[in-house]
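A look at the structure
Okay, here's what each chain looks like letter by letter:
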Amino acid sequence: MKPDPLVDRFLDNLWAERGLSDNSLQSYRHDLLHLHDRLAARSKTLQTAAREDLLAVLAAEVQQGKSPRSVSRYLSAYRQFYRWLVREGTISADPVALIESPKIGRGLPKALSEQQVEALLAAPDTDAPLGVRDKAMLELMYATGLRVSELVGLKLSNINLNQGVVRVLGKGQKERLVPIGDEAHESMRAYLSGGRPELLGGAQTDSVFVTTRKAGMTRQAFWYMVKRYALVCGISKKLSPHMLRHSFATHLLNHGADLRVVQLLLGHSDLSTTQIYTHIAREGLKRMHEAHHPRG
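Structure report, in brief. (Residues numbered from 1 in each chain as written. Predicted model: local features only at pLDDT ≥ 70, side-chain atom pairs only at ≥ 80, totals over all residues. Heavy atoms only, no water.)

A look at the packing of aromatic side chains
In total, this model carries six aromatic pairs according to the counting rule given. Measuring from ring centre to ring centre gives 6.1 Å for F10 and Y28, while their planes differ by 75°; the resulting arrangement is edge-to-face. In this pair, F10 sits in helix 1 (residues 5-18) while Y28 sits in helix 2 (residues 22-40), placing the two residues 18 residues apart along the sequence. For the pair shown, F10 and Y28 are each scored as buried. Ring plane angle 75° and centroid distance 5.2 Å describe the contact between F81 and Y82, whose orientation is recorded as edge-to-face. For the pair shown, F81 and Y82 are each scored as buried. In this structure an aromatic cluster arises from ring pairing among F10, Y28, F81, Y82 and W84. Between the NZ or CZ atom of R228 and the centre of the ring of Y229, over which it lies, the distance is 5.0 Å. (Phe/Tyr/Trp six-rings, centres within 6.5 Å; stacked < 30°, edge-to-face > 60°. Helix = DSSP H or I, 4+ residues; strand = E, 2+ residues; numbered from the N terminus. Buried < 20%, exposed > 50% of the residue type's maximum accessible area, 1.4 Å probe, protein only. Lys NZ or Arg CZ within 6 Å of the ring centre and 35° of its normal.)

What follows is the structure in structure tokens.
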């Protein structure tokens, strides 16, 4: 996929207006450059594409097996892009305006049971610096519900062990303070005082979580780590990168936490985004009732 100056200008505008993360911007870039290539095969450009061209591109995605959710994501990127082109005066009519999004059901986030989480948190070998780091990362993510990108992006200035909080810069550059909790506090103290200095070997970086290469952890490296420990624990269910975040929210609600408190801790701007976790909590309660109630 070749770069496109028009796409770059759109992304610059999107970042300035909405403060999206690098991952979100890269997703927009990928989808729009993919559209650029698809249109080029039809002898069209992003500026000259008509509604029927975009419908043909989307139909081709469906024929190649793309899910309704993926097609809806593509269409969302197109919609944002073409609205911007109209505002800029680059085109006079929006070719996406009359294209409906495919209907998709909203899947429930997958969450681990409390027993599975306990096994996962106990898996790292804390006699080794890498194990101390891994234990701290798992404990902190489960204790705070951070997104993976927020976790690996933490700087030393974000952590205050004396007050027991972590300062997080989330989506839309919104800042929130999240309490760490006792177990995560102890794991973080052990890592910052022992595991991290050993891994750095005298090198300097302000990234909290570092690798043997003395650089900050990446989302991909963290995800491989989680999958490795899940195998060690015998967790067979298909994991998602945010599994511990989903488990954090679900377990809080199962134990009676107020939905708005969970919303603040997760950094959701809209309560409706958080409400999906209540469905998971209800399902868990239903299973407990069926298993243990005499008339279940």
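There is more to say, and it comes next.
Some remarks on the sheet that holds strand 3 (residues 175-179)
Across the sheet, three strands lie side by side as 1-2-3; this open sheet has antiparallel pairing. This sheet does not close on itself; its edge strands, each paired only once, are strand 1 (159-160) and strand 3. (Pairing = 2+ DSSP bridges.)

Notes on the environment of T126
In this structure, T126 sits in the loop between helix 5 (114-122) and helix 6 (129-144). Residues T126 and G195, spaced 69 residues apart in sequence, show a C-alpha to C-alpha distance of 9.0 Å. What T126 contacts, discounting residues up to four positions off in sequence, is G131, V132 and K135. (Contact = heavy atoms within 4.5 Å.)

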